[in-house]
Amino acid sequence: MLSKLQIARRIAEELKDGYYVNLGIGIPTLVANYVPKGMEVTLQSENGLLGMGPFPKEADIDADLINAGKQTVTTLPGSVFFDSATSFAMIRSGRVDLTVLGAMEVNDLGDIANWKIPGKMVKGMGGAMDLVASAQNIIVAMQHTNRAGASKLLKELSLPVTGLGCVKKVVTNLCVIDITERGFELKELAPGITVEDVRNATEGRLVVEGDIPTIQIS
Amino acid sequence: MNKVVQNAEEAIKGIKDGMTLMLGGFGLCGIPENSIKALVKSKAKNLICISNNAGVDDFGIGLMLQGKQVKKMISSYVGENEEFERQLLSGELEVELIPQGTLAERCRAAGAGIPAFYTPAGYGTEVAEGKEVREFNGKKYIMERAFDSDFAIVKAWKGDTDGNLIFKATARNFNPMMAMAGEITIAEVEELVEPGELNPNEIHTPSIFVNRIFKGVNYEKRIEQRTTR
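Rules and cut-offs
- Residues numbered from 1 in each chain as written.
- Chains lettered and ligands numbered in written order.
- Predicted model: local features only at pLDDT ≥ 70, side-chain atom pairs only at ≥ 80, totals over all residues.
- Heavy atoms only, no water.
- Contact = heavy atoms within 4.5 Å.
- Buried area = accessible area lost by both parts, 1.4 Å probe.
- Salt bridge = Lys/Arg side-chain N within 4 Å of Asp/Glu carboxyl O.
- Polar contact = N/O pair within 3.5 Å; in protein donor to acceptor, adjacent residues only side chain to side chain.
- Helix = DSSP H or I, 4+ residues; strand = E, 2+ residues; numbered from the N terminus.
- Axes fitted to C-alpha atoms, helices over the stretch in contact; angles between N-to-C directions.
- Parallel < 35°, antiparallel > 145°, perpendicular 65-115°, else oblique.
- Left-handed = near helix turned anticlockwise from the far one by under 90°.
- Nonpolar A, V, L, I, M, F, W, Y, C, P; charged D, E, K, R; others polar.
- Core = buried A, V, L, I, M, F, W, Y, C linked by side-chain atoms within 4.5 Å.
- Buried < 20%, exposed > 50% of the residue type's maximum accessible area, 1.4 Å probe, protein only.
- Phe/Tyr/Trp six-rings, centres within 6.5 Å; stacked < 30°, edge-to-face > 60°.
- Lys NZ or Arg CZ within 6 Å of the ring centre and 35° of its normal.

### Looking at the interface of chain A and chain B
Across the boundary between the two partners, chain A contributes 47 residues, which contact 49 residues of chain B. Buried area between chain A and chain B, both sides added, is near 4,000 Å², and the carbon and sulfur share of it is 61%. For chain A, the biggest contributors to the area lost against chain B are Asp64(A), Lys70(A) and Met121(A); these three give 19% of the whole. A salt bridge links Glu58(A) to Arg226(B); its shortest N-O distance comes to 3.3 Å. Applying the counting criterion to the chain A and chain B interface returns 25 residue pairs in polar contact (both at pLDDT 80 or more). Sorting the residues of the side of chain A that touches chain B by element identifies helix 3 (84-92) and helix 4 (128-134) of chain A as the ones contributing at least two each.

Structure below.
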């Protein structure tokens, strides 16, 4: 099984030099820690910052400089600030190369639910609906099953949808899956996990072809 | 034409029960702190507030919620606020949740003389219910309308007495679009200078959009997630 950190590390392997990337809250944020050395990746924060740097040292904290998770951050050489309309212009026009976000459910058509649980206090979708409606390349980082042990990779979503047909890849604690017309195509297994484990934990159409390699992660 | 007012109390004159207000800020970053405090004192009620978030229990728009002044919030994300949750569940408060980019664009459209536009955000979701859907180049979009608001209240870093504004870092967020969108726009600034002191190359919001301006005092600038390395 992969830990949260290992999920982030595996997703970092999808980064390419020159990418502009938007990372959601939670596991996706951790991806920033594993950008391969020598690779230039620019982080976009939808509250109005391109070129997000690491958290500040205590002495450099600036209340006017935060990320979309409302955490204090820093800038880097080449960073730029802009207003919220410009920020979502970047997102809607497809200029952000990769979006990584969490999900409550994904189905085998690539639909995603991650903003609302009926009967619970709804906090809002923030920028998630804009991101999933326009991003060219969306990777979901999540646990394969929920706390009750039920699959989060489904035939049909049970929760209100955030966006349709948008998720291309899912990295869970059990495996790496590509979403294609055929459904969930199993690409890699986490160490110690079998195809049978994935099958048991996946409700949607699962496609398994050939030998499935194991994710090489330290 | 003198746009300069002495303080927040004077700036918010004319804001009456039932009006629609735009309030700048992302979380507690770049919110018009002085004007919000004056609104709390004014006891104006049944307000409709358009703002990305609703503050926290004891700061920002949360203070107006404590005073039961808000009838409806139009936001993209409203977490981190117990009083908000209580009022919502008890039916005292209405909320309309809007995708963040759509919220920004509805402000921008209002300030740009554009009555409506099409966006893919929310297509196929409950956000699209009751809205016109159109297909362009094989992709589905929903029609969203520009906001109507009586007042827009923004916070800038520097401003001049003509109303030109410069924002700082990510405290810019929704402020520039809202500044353009208000029937009447109020700007509170940390530094108020004479015309000519701001470099015209560096101004974000042109003075023409701003009706009232004042120098705010005692900025608290609370931080929600203080994170360090």
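### Here we look at the packing of helix 3 of chain A against helix 5 (residues 100-112) of chain B
At a minimum axis distance of 9 Å, the contact between helix 3 of chain A and helix 5 of chain B shows a crossing angle of 125 degrees. One element, helix 3 of chain A, and the other, helix 5 of chain B, form an angle in the oblique class. Helix-helix and strand crossings are classified by hand; for helix 3 of chain A and helix 5 of chain B the assignment is left-handed. Of the residues in helix 5 of chain B, those touching helix 3 of chain A at Ser84(A), Ala85(A), Phe88(A) and Arg92(A) are Gln100(B), Gly101(B), Thr102(B), Ala104(B), Glu105(B) and Arg108(B). Within the contact of helix 3 of chain A with helix 5 of chain B, the residues separate by chemical class into three nonpolar, four polar and three charged.

### Quick word on the nonpolar core
Core analysis: the biggest nonpolar cluster contains 52 residues, and Val106(A), Ile112(A) and Val140(A) have the highest contact counts within it. Of all hydrophobic cores here, the second largest spans 40 residues; its members include Met64(B), Leu65(B), Leu93(B) and Phe151(B).

### Examining the packing of aromatic side chains
Residues and elements named next belong to chain B. All told, the structure shown has two aromatic pairs over all chains when counted by the stated rule. Seen in terms of ring centroids, Phe136 and Tyr141 are 5.6 Å apart; in terms of plane orientation they differ by 75 degrees. Their pairing is edge-to-face. Using a relative accessible area of 30% as the deciding quantity, one classes Phe136 as partly exposed. Three or more aromatic residues joined by ring pairs form one cluster here, namely Tyr118, Phe136 and Tyr141. Its end group placed over the ring of Tyr219, Lys155 keeps NZ or CZ at 4.9 Å from the ring centre. Seen from the ring of Trp157, Lys158 lies directly overhead, with NZ or CZ sitting 4.3 Å from the centre.

### Concerning the environment of Glu202(B)
Mapped onto the secondary structure, Glu202(B) falls in the loop between strand 10 (184-193) and strand 11 (212-215). Distance from Glu202(B) to Phe167(B), taken between C-alpha atoms, is 9.7 Å for residues 35 residues apart in sequence.

### Notes on the environment of Gly101(B)
Along the chain, Gly101(B) falls in helix 5. Exposure remark for Gly101(B): the relative accessible area of 0% places this residue in the buried category. Residues Gly101(B) and Ala121(B), 20 residues apart in the sequence, show an inter-C-alpha distance of 7.9 Å. The contact partners of Gly101(B), leaving out residues within four places of it in the chain, are Phe88(A), Arg92(A) and Asp130(A).

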